[in-house]
Amino acid sequence: MSNNTPAPASSDAFSSDLLRGHTDTIVLGTLRDTERYGFEIYKTIRDATGGDYEIKEATLYATFRRLVKDGLVDAYWGDETQGGRRKYYRITDAGRAVYTRNVADWNATQRIINTLLGTKGTN
Amino acid sequence: MATTDNIDRYLDEAFADIPRTPETADLKEEIRGNLQSRVSELEADGTKPEAAAAKAITELGDIHALVDSIDVGEPATRPGDTAARLIALNKVKTDPGYVVRTVIFSLVLAVMLAGVIVTAAFGSGTTGTLPNGTEWFAVGLSALLVAILVVDALRQETSQHFRMPLRRALGYSGAALLGVAGLDVIGLSIGGREPEEAFAGGVTAAVLSLIAFIWLGVTQTNRRKPWVKELNSTYEIEDRFSNDPAAAARFGIYTVVIWIVGIGLFVLLSIVVGFTWSWLALLGALVVFFLVLARMLFGFDQAKK
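Residues numbered from 1 in each chain as written. Chains lettered and ligands numbered in written order. Predicted model: local features only at pLDDT ≥ 70, side-chain atom pairs only at ≥ 80, totals over all residues.

Caption draft 1: Summary view of the overall build of chain A. Along chain A, the regular secondary structure elements total five helices and three strands. Put simply, chain A runs from its N terminus to its C terminus through helices and strands in the order α-α-β-α-α-β-β-α. A burial count over chain A gives 24% of its 123 residues as buried. (Helix = DSSP H or I, 4+ residues; strand = E, 2+ residues; numbered from the N terminus. Buried ≥ 20, exposed ≤ 12 C-beta atoms within 10 Å, placed from the backbone.)

This is the structure in structure tokens:
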């Protein structure tokens, strides 16, 4: 879905690379309260940032498979009888633990980086 | 629907030169569902169907890049590997409501049937204190519960099976209802709680049920999902007897010995203590037979390697 959005330039107000490193945690976050299928997850992330950030679909499909392989989410087919069948993802207890830990790690890292970026040195 | 056609045609073309593994097939189906959702979203926003399909496909980007970004899975080396992968990829979630319903109905059903069996085995004296009409309530309720259990189970989509069309499921359900009601009545008649006319009715119902089951069984078409069919056609028999004929021959000899001893004991006990207890020899032989079978067929995976 990135084809019709401008290519990320250095003037973007955020670093796509930094965001991409947190895709797993972001996806786990969207699954905390309810199970969702692929497009729903994509939409949730897109709408949450007001369209500022669109995750590449290829990245998402790879992420889903990695999370399933690591046991952080369960995947199963919904039983829709008409229209396209949907593959649903549900966070597991292991996934919740990893999500909580990653968020805590990020908060700690963020504090340290903010402090370091503001440091001029005392000598 | 034109938009669905577009998506399907596009996916078929895009996946044409991609090796077909369970993983790529799974990815293709998942993309299909997501594309359709995106198209619905665009149409809801006012985009024309054709344009919506084209836009959704463009947004998806290059399929090859997408396939490269996932682990497409290696060719299976052992049949068990394929099976485990296929099962994981095709999992359908069980409806918790269905499980709860089934457990509750089964418990009630067990109580009803236990009552009928006790009546049949020990005579109406055991249940004679119950008011008249209770047995008809038990017959009706147990038959109805079986019918509900059957239709409910057949209407569930599982990982391996599609759900059964409602009319056919009701057919199985009706046949089961007739069968259980018939057997209930036969049991109650044997126990002396019902007159002989009821016994004849019970037999008729049971026979009709049997005919219905045979008809349904003969006309039954495939209900399994494509991946199960594929798995079954490629699955090699891996049990011990197929791989180790000597073990199969040894098992054959054990079987003969077990049954000679069992039948010999049965005859001996029948003469000495009578039929009341002699059947235990046959039961014992059956138990030993199955233990030996289990032990020999599945017990030596480590030793084989």
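Caption draft 2: Representation of the pairing of strand 2 (residues 73–77) of chain A. All names here are of chain A. A one-sided burial pattern is seen for strand 2, the buried positions being Val73, Ala75 and Trp77 and the unburied ones Asp74 and Tyr76. By the bridge criterion, five bridges tie strand 2 to strand 3 (residues 87–91) in an arrangement that is antiparallel. Bridged to tyrosine 76 within strand 3 is tyrosine 88. (Pairing = 2+ DSSP bridges.)

Caption draft 3: Representation of the nonpolar core. Within the largest apolar cluster, 22 residues are counted, with the highest numbers of intra-cluster contacts made by B:Ala143, B:Val146, B:Ala147, B:Ala176, B:Leu177, B:Val180 and B:Ala181. Counting only elements with at least two residues in this core, the list comes to helix 6 (96–122), helix 7 (134–154) and helix 8 (166–190) of chain B. When residues of this core are assigned to their parent elements, the largest contribution, eleven residues, is made by helix 8 of chain B. When residues no more than four places from it in sequence are discounted, the contact partners of B:Leu177 are B:Ala143, B:Leu144, B:Val146 and B:Ala147. Among the nonpolar cores identified, the runner-up in size contains 19 residues, and A:Leu67, A:Val73, A:Tyr89 and A:Ile91 belong to it. (Core = buried A, V, L, I, M, F, W, Y, C linked by C-beta atoms within 7 Å. Contact = placed C-beta atoms within 7 Å.)

Caption draft 4: View of the interface of chain A and chain B. Each partner contributes residues to the interface: chain A has 21 residues there, and chain B has 23 residues. Going through the elements one at a time, helix 3 (38–48), helix 4 (57–69) and strand 2 of chain A are the ones with two or more residues in the side of chain A that touches chain B. Considering each element in turn, the side of chain A that touches chain B owes the most residues, five residues, to helix 4 of chain A. Classifying every residue of the side of chain A that touches chain B by side-chain character gives nine nonpolar, six polar and six charged. (Nonpolar A, V, L, I, M, F, W, Y, C, P; charged D, E, K, R; others polar.)

Caption draft 5: Looking closely at the packing of helix 2 (residues 23–30) of chain A against helix 5 (residues 93–117) of chain A. Residue and element names in this part refer to chain A. Two elements in contact, helix 2 and helix 5, have axes whose closest approach is 10 Å; the angle formed by their N-to-C orientations is 120 degrees. Considering the angle they form, helix 2 stands oblique to helix 5. Judged by the sense of rotation from one axis to the other, the crossing of helix 2 with helix 5 is left-handed. Between helix 2 and helix 5, the contacting residues are Thr25, Leu28 and Gly29 on the first element and Gly95, Val98, Tyr99, Asn102 and Val103 on the second. (Axes fitted to C-alpha atoms, helices over the stretch in contact; angles between N-to-C directions. Parallel < 35°, antiparallel > 145°, perpendicular 65-115°, else oblique. Left-handed = near helix turned anticlockwise from the far one by under 90°.)

Caption draft 6: Highlighting helix 6 of chain B. Residues and elements named next belong to chain B. For helix 6, which comprises 27 residues, the first-to-last C-alpha distance of 39 Å matches the rise-based estimate of 39 Å (1.5 Å per residue) to within 8%. Buried residues of helix 6: Met112, Gly115, Val116 and Thr119, and no others. Looking at the packing, one finds that the buried side of helix 6 touches helix 7 and helix 8. (Expected span 1.5 Å × (residues − 1).)

Caption draft 7: Structural detail: the sheet that holds strand 1 (residues 36–37) of chain A. Residue and element names in this part refer to chain A. As summarised here, the arrangement of the three strands in space is 1-3-2, forming an open sheet in which the pairing is antiparallel. Looking along the sheet, the strands with just one partner apiece sit at the ends: strand 1 and strand 2. Where strand 1 lies against strand 3, two bridges are found, and the strand directions are antiparallel. Looking across to strand 3, one finds that arginine 36 is bridged to tyrosine 89.

Caption draft 8: Layout of helix 3 of chain A. Within helix 3 of chain A, burial applies to A:Gly38, A:Phe39, A:Ile41 and A:Tyr42. Projected down its long axis, helix 3 of chain A carries its buried residues within an arc of 160 degrees, all on one side. Contacts made by the buried residues of helix 3 of chain A are with helix 2, strand 1, helix 4 and strand 3 of chain A together with helix 2 (22–44) of chain B. Once helix 3 of chain A finishes, A:Gly50 follows within two positions and takes phi at roughly 65 degrees, a positive value. (Arc of directions from axis to C-beta.)

In short, the description is geometric, and any link to function would need to be established separately.
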